[in-house]
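# Coordinates in review
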Amino acid sequence: QVQLVESGGGLVQVGGSLRLSCAASGRTFGTYAMGWFRQAPGKEREFVARIRRSGSTTYYADSVKGRFTISRDNAKNTVSLQMNSLKFEDTAVYYCAADYTYGDYRRAGDYDDWGQGTQVIVSS
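What this report covers is the structure whose coordinates are included nearby. These numbers were taken from a predicted model, which means no experiment stands behind them.

Criteria and cut-off values
Residues numbered from 1 in each chain as written. Predicted model: local features only at pLDDT ≥ 70, side-chain atom pairs only at ≥ 80, totals over all residues. Heavy atoms only, no water. Phe/Tyr/Trp six-rings, centres within 6.5 Å; stacked < 30°, edge-to-face > 60°. Helix = DSSP H or I, 4+ residues; strand = E, 2+ residues; numbered from the N terminus. Buried < 20%, exposed > 50% of the residue type's maximum accessible area, 1.4 Å probe, protein only. Lys NZ or Arg CZ within 6 Å of the ring centre and 35° of its normal. Pairing = 2+ DSSP bridges. Axes fitted to C-alpha atoms, helices over the stretch in contact; angles between N-to-C directions. 1 Å grid on protein atoms, 1.4 Å probe; cavity = no way out; pocket = protein on both sides within 12 Å on 5 of 7 lines; lining within 4 Å. Points joined across faces, edges and corners; volume = space filled by probe spheres on them. Nonpolar A, V, L, I, M, F, W, Y, C, P; charged D, E, K, R; others polar. Disulfide = S-S within 2.5 Å.

It is worth spelling out the packing of aromatic side chains at this point. Summed over all chains, the structure comprises 9 aromatic pairs. The interplanar angle of 20° and the centroid separation of 4.3 Å between the aromatic rings of Tyr59 and Tyr105 together place this pair among those described as stacked. On the criterion of sequence distance, the pair formed by Tyr59 in strand E6 (residues 58-60) and Tyr105 in the loop between strand E9 (92-99) and strand E10 (113-114) is long-range, its members being 46 residues apart. With a relative accessible area of 29%, Tyr59 lands in the partly exposed category. When its relative accessible area of 17% is taken as the criterion, Tyr105 is described as buried. Through pairs of rings, three or more aromatic residues link up here, namely Phe37, Phe47, Tyr59, Tyr95, Tyr105, Tyr111 and Trp114. Of note, Arg27 hangs over the ring of Tyr100, and the distance from its end group to the ring centre comes to 4.2 Å. Residue placement shows Arg45 over the ring face of Tyr95; its charged tip is 3.8 Å from the ring centre.

And the structure:
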């Protein structure tokens, strides 16, 4: 039982920056990997970034590599997504998710618990 709550979404201009946060509760945070996914209107949910339970290794989708940074603070039970150089195509609802089973980091179906999402709108 893990509860995840995203925050930090909002409206930002192209080229701007935004930082998303996800607060976890219900079990020991440092024992599982975390990921960020996003879903644009009319599109399927897609992988954005993943971080291992210790924070030692990260993975990114090609579309965000070099612009987004995932990090975690296990003492505070939070994972963050720093988004820089935002593009219009980044507009989506962003979800954080927990993976207890060392699944494929790109597959949404391999994650076990999900937050409700936070809306990010990038405008010109």
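There is more to say after this.
What follows concerns the sheet that holds strand E3 (residues 18-25). Two modes of strand pairing occur in sheets, parallel and antiparallel, and in both the strands are linked by backbone hydrogen bonds. Taking strand neighbours across the sheet as the criterion, the 4 strands line up as E1-E3-E8-E7 in an open arrangement whose pairing is antiparallel. Single-partner strands in this sheet number two, and they are strand E1 (3-7) and strand E7 (68-73). Going from strand to strand, the sheet's axes swing by 15° on average, the running direction of each strand aside. Of the pairings in the sheet, the one linking E7 to strand E8 (residues 78-83) comprises 6 bridges and is antiparallel in character. If you follow Phe68 over to E8, its bridge partner there is Met83.

Going through the model one piece at a time under the given rule, you end up with 1 cavity of 30 Å³ or more. A breakdown of the residues in the lining of the largest cavity according to their chemical character gives 3 nonpolar, 1 polar and 3 charged.

All chains considered together, the criterion is met by 1 disulfide. Through a disulfide, Cys22 is tied to Cys96; the S-S separation comes to 1.9 Å. As the torsion about the S-S bond is roughly 50°, the Cys22-Cys96 disulfide counts as right-handed. Of the two residues, Cys22 is situated in strand E3 and Cys96 in strand E9; the sequence distance between them amounts to 74 residues. The burial state of Cys22 is the same as that of Cys96; both residues are buried.

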